[in-house]
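Residue-level structure breakdown
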Amino acid sequence: MLVVVGAIILGLGAWFAYQRQQRAERVAHLKGKIAQRKNEQAELLEWARAEAEKIPAQRRKEIGAMDFKQLLGKFNVITRDSRLMLVFTLSAALQSGDVTSLEAVTTYIGLSLAAHEKTNCVTMYIKESVKHARALDGRRKSGESLPPLFGLPVSIKESIGVTGTDKTWGYAGSIHFPSTRDAPTVEMLKQLGAVPFVKTNVPLSLLSYTCGNEIYGWTENPHKKGRTPGGSTGGEAALIAAGGSLLGIGSDVGGSIRMPAHYAGIAGVKPSSMRLSLLRIDDGYHGPKRGGGYPLIEANEGPMAASMETCAEILKQFWDSSLVSDVDPYKPPVGWNAAQFEEGRKYRIGYYTTDGWFDPTPGCVRVVEEARHILQMQGHTLVPFSLPDVPEMIRVYVATLTVDGGVSLMGSIEEDLPPAIFLSALRPLRVPILVQRSMAYVASALGYWRVAKFMRSMTKSSVELRRDYASIQLYRARVVEEMRKANIDMLLCPAQVMPAPPHEAPLHLSAGCSYTAIYNLLDFGAGVCRVGTWNAQDEAKLECYPTSDPWYTMAKKFSKDSVGLPLGVQVAAPPFKEEAVMRVLIDLERNVQHNPKSSFRQR
Ligand SMILES: CCCCCC/C=C\CCCCCCCC(=O)NCCO
């Protein structure tokens, strides 16, 4: 007997020692990869500096001072008086040849480098961009007709496939598995003549609205050091807000385009999943292991820029042609809806300032009220609207996003090198689901009903998963029916619960993404633009913000000392109404006192 027990103990000891050694070897391997990547990144930054210097500083300054319209041009300008409507085309710098593609790309390589020095937003430069720009300039010389986005430098979120570049999602284990194909959005941009030139930082796993990982570190908000630019498309938001890019492409499964837009004071749109393609999410190292697998929680890519007008111009170019359904036959061939986007078109808009799940902090409520007023002055009709049953749908969102009780997410993170805060934020996922649910009773008894809801969110069986999917389908039907009954075209609401918080805050407050995540669950098109700035009154009113549970207490703490930080609002509408959403957001951004186009574009 003693021998058997001794053998078991020895066996277990050997097994644990073996596991420990395996882990130590893996950690050493991953650290080696990170060190290698840091060297490669340093070389790329040097390359970028050298490339930028090939163009005289004065010339770069002139080109950098041009806004999107001046640089890209070819806009249909519609002028109206009572009877006359003129449509004419402006030909601006890149189209006319006043600025070459190479000059534009090189200028933005220089500007992005300056933005990176301030915010740590760049993960890598795409050296190919310089050759690509030269080739485009060659096409002009040979007299070929020029595509609509001819020569436009574009920045791309790290996790989106660009041939020859890594998309690590912050996992060290994914370093050196470069994409062998462009993501559909990148393919479309290239076909339209744009030049992807840089990739930008993300949070590990993309499932957070902060921006940092062990490979590239934390990205700063250009408006305040120590604050996050949001996530997961945080590198793009920081880069654009700091003037290092005119147009970026992000992705959004819970607000990853819209929350960074709010935190960094820029604009961003997540169209409905039916209007842009996510094919080839499996390219590179990810695939079934890490990407996708959550039907009905619709991720999508979308544009980010200093203004909503730029986002609209890009989506118009995507949808004007059959590009989307050409690259992805699963997408319906629905074109740009000019009637919905028509200037002067008036809409009936439902609005709310709380979703009944997470009351926003004072400034985030104030800007919705201000937006309501501005839109009313523009002739839109604003009516109060209450989005039904959000708390339960947030539970369903978490259940169906993590799908398998968090097993894949936790597994991917644990086998890699996560920053310590990611591990501690995710540790609850390691608690057996039945224990999580028992603990929910304790949270309920303490009056923490929201925390209890989260503790009941992880799925333990396919029976539960099917039920949650069914409730998403029923919820979609219910919301569109309620909107139809109230004759409402779209909804106006907060973009987030806080102004840009400290880097680690989002990892403690995943629940704070409810205002954006609900529109992934509904698969609505939704966008955010800047409406204002957190002010001293907001700071004073924060004193009265609730502290009735740990999340409110944290949101209050993380929102302090935010005077001067940007604040955005969100507009959302059912699928195929993205053009209407952008029309309303443009009406808004054109009429706010703070002009987003001038925000932080110091050059
Ligand atoms: C790393 C912590 C994850 C814990 C899991 C909690 C579940 C839900 C919180 C979701 C937070 C979503 C933030 C935005 C994610 C996003 O849109 N990513 C883009 C992917 O393309």
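Residues numbered from 1 in each chain as written. Predicted model: local features only at pLDDT ≥ 70, side-chain atom pairs only at ≥ 80, totals over all residues.

What follows concerns unusual backbone geometry. Cis rather than trans, the peptide bond between G231 and S232 has omega equal to 5°. Along the chain, S232 falls in the loop between β7 (217-218) and α8 (234-241). Positive phi outside glycine occurs at D389, with the angle close to 55°. In this structure, D389 sits in the loop between β12 (381-384) and α14 (390-402). A tally of 16 C-beta atoms within 10 Å means that D389 is categorised as partly exposed. Of note, D561 is a non-glycine position whose phi angle comes to about 60°, a positive value. One can find D561 in the loop between α23 (550-559) and β15 (566-573). On the basis of neighbour count, D561 is assigned to the partly exposed category, with 15 C-beta atoms found within 10 Å. (Helix = DSSP H or I, 4+ residues; strand = E, 2+ residues; numbered from the N terminus. Buried ≥ 20, exposed ≤ 12 C-beta atoms within 10 Å, placed from the backbone.)

Near the ligand there are 21 residues, and of these S251, V253, G254, S256 and S510 occur at the shortest range. Listing elements by their share of the shell around the ligand, those giving two or more residues are β8 (247-252), α14 and α16 (420-426). Considered class by class, the residues forming the shell around the ligand number eleven nonpolar, nine polar and one charged. (Near = placed C-beta within 6 Å. Nonpolar A, V, L, I, M, F, W, Y, C, P; charged D, E, K, R; others polar.)

What follows concerns the confidence of the model for the protein. Caution is warranted with low-pLDDT regions, since their predicted coordinates should not be read in detail. The share of residues in the protein with pLDDT of 70 or more is 94%, and the mean pLDDT across the chain is 92. Here residues 75-90 is a poorly scored stretch, pLDDT under 50, and it has 14 contacts once near neighbours within four places are set aside; other chains count. Across residues 595-603, confidence stays below pLDDT 50; counting only partners more than four residues off in sequence or on other chains, it has 28 contacts. Scored by ipTM, the complex comes to 0.94, with pTM at 0.94. (pLDDT = per-residue confidence, 0-100. Contact = placed C-beta atoms within 7 Å.)

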